[in-house]
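Structural features, examined
Residue strings, one per chain:
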Amino acid sequence: MSTLCASAPLRFMVLLFTITVVASCGFQLRSAESMRLPARLSPMHLSGVPNGDPLRGDLAAALGESGVTVTESRETAQSFLVLSRRENRRRVLAVNAQGRAIEYEMIEAVTVELLDRERNVLLPEYRVVNEGTYSDPTGDPLGKAGEQQLLRDNARRDTVQQIMTRLRYGTR
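1. Comments concerning the pairing of strand E5 (residues 121-135)
Judged from the twelve bridges that link them, strand E4 (residues 101-116) and E5 form a sheet pairing that is antiparallel. Residue pairing in the sheet places Ile107 in a bridge with Glu131 of E5. Here E4 folds back onto E5 in antiparallel fashion, the turn holding four residues, of which Arg119 has a positive phi close to 70 degrees.

Pasting the structure below:
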């Protein structure tokens, strides 16, 4: 019993030391405010990606969560996010002895540029590329359709995340 009571002050000191070290290194949890984009970007017009494209939907949702309204009207827009050279493709990396594809590479890429109302460049053009591979040792393309879609969805989400990160830090 006496060892438990004697170790309590020691545990408290270790806890206090740990809190002090973490606080002094500058570590902070991300707040909702740090995820917001500047108000001067809203409303924003998205161009270069059709309305039904999942990338546009995911990007519009992420912008909305960051406090930016997406508008279809070019006249009322305060900023323009221009997406160009969009790629969403699959490439064969390996074939089996029968000539069937057994390994693929999935590529999701887009070029992004941010302009203000007067078409001045706020963020110069940059390329976002996400690649992933998957294998299908059976050579049956129908058997891997779910995995393909999952990889596409993940690559698209990663692309949106990279665009949002660049917007957050490039527009401060």
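2. What to know about the pattern of salt bridges
Per the stated rule, a full pass over the model turns up eight salt bridges. Glu72 serves as the salt-bridge partner of Arg56, at 3.2 Å between the closest nitrogen and oxygen. Within this pair, whereas Arg56 is found in helix H2 (residues 54-65), its partner Glu72 is found in the loop between strand E2 (70-71) and strand E3 (79-95), the two being separated by 16 residues in sequence. Between Glu105 and Arg91 there is a salt bridge, with its nearest N and O atoms 2.6 Å apart.

3. Considerations on the packing of H2 against helix H3 (residues 145-170)
Axis angle and axis distance: for two packed helices, these are the angle between their axes and the distance between the axes, and together they describe the pair. Put simply, H2 and H3 touch, their axes get as near as 10 Å, and they point 40 degrees apart. The angle between H2 and H3 falls in the class oblique. Handedness of the H2/H3 crossing: right-handed. From H2, Pro54, Leu55, Asp58, Leu59, Ala62 and Leu63 reach across to H3, where they touch Arg156, Arg157, Thr159, Val160, Ile163, Met164 and Leu167. For the contact of H2 with H3, the class distribution of residues is nine nonpolar, one polar and three charged.

4. Topic: the nonpolar core
By size, the foremost hydrophobic cluster in this structure holds 22 residues, and its most contacted members are Leu59, Leu63, Leu81, Ile163 and Leu167. Ignoring anything within four residues of it in the chain, the contact list for Leu81 reads Met44, His45, Leu46, Ser47, Leu59, Val112, Glu113, Leu114, Ile163 and Leu167.

5. A look at H2
Between its first and last C-alpha, H2 extends 17 Å over twelve residues, near the 16 Å set by a 1.5 Å rise per residue. The inward-facing, buried residues of H2 contact strand E1 (44-47), E2, E3, E4 and H3. Immediately beyond the C-terminal end of H2, within one or two residues, lies Gly67, with a positive phi of roughly 90 degrees.

6. Focus: the packing of aromatic side chains
Considering all chains together, one arrives at one aromatic pair under this definition. In this structure, Arg119 is placed above the aromatic ring of Phe80, and the distance from its NZ or CZ to the ring centre is 3.8 Å. Just above the ring of Tyr126 sits the side chain of Arg166; from NZ or CZ to the centre is 4.0 Å.

7. Thoughts on the sheet that holds E3
Strand pairing within a sheet occurs via backbone hydrogen bonds; the two strands may be parallel or antiparallel. Strand order in this open sheet of five strands is E2-E1-E3-E4-E5, and the pairing throughout is mixed. Every interior strand has two partners, whereas the edge strands, E2 and E5, have only one. Contacts from H2 reach E1, E2, E3 and E4, with the element oriented near 165 degrees to E1. Where H3 meets the sheet, it contacts E3, E4 and E5, and its direction lies at approximately 155 degrees from that of E5.

8. What about H3?
With 26 residues, H3 ought to run about 38 Å at 1.5 Å a step, and its terminal C-alpha atoms sit 37 Å apart, in line with that. What H3 keeps buried is the set Gln148, Asp153, Ala155, Arg156, Thr159, Val160, Ile163, Met164, Leu167 and Arg168. If you follow the buried residues of H3, they end up packed against H2, E3, E4 and E5.

9. Comments concerning the pairing of E1
Burial along E1 is two-sided: Met44 and Leu46 and His45 and Ser47, pointing in opposite directions, are all buried. Sheet analysis places E1 next to E2, joined by two bridges and oriented parallel. Across the sheet, residue His45 finds its bridge partner in E2, namely Thr71. With respect to chirality, the unit in which E1 leads through H2 into the neighbouring parallel E2 is right-handed. Relative to E3, E1 runs parallel, the two being bridged by four bridges. Residue pairing across strands places Leu46 opposite Leu81, the latter belonging to E3.

About the criteria used
Residues numbered from 1 in each chain as written. Predicted model: local features only at pLDDT ≥ 70, side-chain atom pairs only at ≥ 80, totals over all residues. Heavy atoms only, no water. Pairing = 2+ DSSP bridges. Helix = DSSP H or I, 4+ residues; strand = E, 2+ residues; numbered from the N terminus. Salt bridge = Lys/Arg side-chain N within 4 Å of Asp/Glu carboxyl O. Axes fitted to C-alpha atoms, helices over the stretch in contact; angles between N-to-C directions. Parallel < 35°, antiparallel > 145°, perpendicular 65-115°, else oblique. Left-handed = near helix turned anticlockwise from the far one by under 90°. Contact = heavy atoms within 4.5 Å. Nonpolar A, V, L, I, M, F, W, Y, C, P; charged D, E, K, R; others polar. Core = buried A, V, L, I, M, F, W, Y, C linked by side-chain atoms within 4.5 Å. Buried < 20%, exposed > 50% of the residue type's maximum accessible area, 1.4 Å probe, protein only. Expected span 1.5 Å × (residues − 1). Phe/Tyr/Trp six-rings, centres within 6.5 Å; stacked < 30°, edge-to-face > 60°. Lys NZ or Arg CZ within 6 Å of the ring centre and 35° of its normal. Right-handed = clockwise from strand over helix to strand, strands pointing away.

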